[in-house]
Structures are given as C-alpha cells and as structure tokens.
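As a plain string of letters, each chain reads:
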Amino acid sequence: QNSMVPALVSLLSAALSVSPVDDTAVINLLSALAAVAQKGEEGARSVMDSQGQPVINRACGVSTSETSAQVQEAAADLICQMATYEGHVREAMVEAGCVDALAMLLPGDAAQRSEVHVRALLGLGMLIANNPRAQLQLASHANIKDLMAIIQHSPDADAKEIGKDLFKALARSEESRNAMAEAMRSTVNASK
C-alpha cells in the first residue's frame, strides 16, 4: 500500500495544478493519503518521504470554489492524522511548513468555517507541543490575530476551547509571548 503513495502524491499535485481545481478529486486523493497515514507511523513517513507534505500544504490554500472549505478540511484532517505520530514525522512536518499552512486556515467567518478552524487548531496543537521552534513560528505568524478572533467570537465551543489551549501553550514561553505581541502590533500598524 505504501508503494502507491508516490503515485497518489503525484496525482494530488496534478489535480491541484489544473484550473479550476476538481475539488472532488482532490478530496478523494487527500482521503486516500489519510488512509495510508492511519496505518501507522510508517504510513505517515511514506507520505513525507514521497514529498507529500508540500503538496498537502498547497491543498490547504485552495480557495477557488464554493467547496474549497471541504478541500481545506480534508487537507487539515490529513495533517492531523500525520501529526499524531510524535518525533521524526512531526519535526519533518514543521520543517516542511505545516505550521504556516495550518495558520493560513485560521482567517474567515468562524460560523461558516468552524470545521476547518477546529481541524487547523488541532493540527497546530499537535505540531507545537514540546516544539519551541514551531511555537515561535505560530506566535509570530500574521494570522495569530485570527486565533484571538476564534477564541472570542467562534460559535463553535470546540474551536474556542482548542484555541484557548493553543494560546495558553504559546503564552508559556516569553519568546512566544513577545512574538505574538509583535505580530499583533504589526497587524494593527498595517491596517492604519
């Protein structure tokens, strides 16, 4: 089954490269990769070893149609599945830009995007756990303001709670607290 991973990654990359993106095909390919990752850490490693992470990160950025949120949700689901394996896999995911990809999913109407938000927050929580570099990446991200908005305004109780836990984890480190403050200041100054 892991021998199919390079082909799945290649098909996913091709599906994301056409315009308009065929959301159904992308969702099915993401689901197939998630099934491989569910088989254990070896499955998640095979996705990473097949250069799948940058392609999955691209799927997080799909915003071309009304069903794009479903594509983003499927991509975040796959990231969450892979992030359940600590150690090498998580570190490789951070290196491959997963923190940024998930943080890019935080903006948007909390009522309409609650499922995407919950999955992005769960993935971020797993990636920053015991990883100061990943914590700093998230804390200094321009979309950290959207984490605050989710905590304050989301109608989804899960999103609020996970967001609060994420914020608390970031607030434990002085370096992350300073980075969050700077990112917030930059956002305020940019909007003036």
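Keep in mind it's a predicted model, so treat the numbers as computed, not measured.

**Q** What's the story with helix H9 (residues 132-139) in this structure? I'm lost.
**A** Helical geometry: 3.6 residues make up each α-helical turn, so side chains three or four residues apart lie on a common side. Residues Ala134, Gln135, Leu138 and Ala139 constitute the buried set of H9. For H9, the arc enclosing every buried residue in end-on projection is 135°, short of the 170-degree limit, so these residues lie on one face.

**Q** Looking at this model, I keep getting lost on the pattern of salt bridges. Mind explaining?
**A** Close approach of charged atoms allows side chains of opposite charge to pair. Enumeration over the complete set of coordinates arrives at nine salt bridges. One salt bridge connects arginine 133 with glutamate 91, and the closest N-O pair in it is separated by 3.0 Å. With arginine 133 in helix H9 and glutamate 91 in helix H6 (residues 88-95), this pair connects stretches of sequence that are 42 residues apart. Residue class for arginine 133 comes out partly exposed when judged on its relative accessible area of 36%. Judged by its relative accessible area of 33%, glutamate 91 is partly exposed. What you see here is one network of salt bridges that share partners, running through Glu73, Asp77, Glu115 and Arg119.

**Q** Sorry, what's going on with the state of the cysteines here?
**A** One covalent bond between the sulfur atoms of two cysteine residues makes up a disulfide. For the structure on display, the rule yields zero disulfides. The thiol of cysteine 98 is unpaired, and the distance to the nearest cysteine sulfur, on cysteine 60, comes to 7.3 Å. In this structure cysteine 98 comes out as buried when scored by relative accessible area, which is 0%.

**Q** Can you help me understand the packing of helix H3 (residues 41-49) against H6 in this one?
**A** In helix packing, the relevant descriptors are the interaxial angle and the interaxial distance, both defined with respect to the helix axes. Orientation of H3 relative to H6, taken along the N-to-C sense of each, is 25°, at an axis distance of 10 Å. Of the possible angle classes, the one that applies to H3 and H6 is roughly parallel. When you trace H3 past H6, the crossing you get is left-handed. Residue-level contacts link Glu41, Ala44, Arg45 and Met48 of H3 to His88, Val89, Ala92 and Met93 of H6. Of the residues assigned to the contact of H3 with H6, the class counts are five nonpolar, one polar and two charged.

Criteria and thresholds
- Residues numbered from 1 in each chain as written.
- Predicted model: local features only at pLDDT ≥ 70, side-chain atom pairs only at ≥ 80, totals over all residues.
- Heavy atoms only, no water.
- Buried < 20%, exposed > 50% of the residue type's maximum accessible area, 1.4 Å probe, protein only.
- Helix = DSSP H or I, 4+ residues; strand = E, 2+ residues; numbered from the N terminus.
- Arc of directions from axis to C-beta.
- Salt bridge = Lys/Arg side-chain N within 4 Å of Asp/Glu carboxyl O.
- Disulfide = S-S within 2.5 Å.
- Axes fitted to C-alpha atoms, helices over the stretch in contact; angles between N-to-C directions.
- Parallel < 35°, antiparallel > 145°, perpendicular 65-115°, else oblique.
- Left-handed = near helix turned anticlockwise from the far one by under 90°.
- Contact = heavy atoms within 4.5 Å.
- Nonpolar A, V, L, I, M, F, W, Y, C, P; charged D, E, K, R; others polar.

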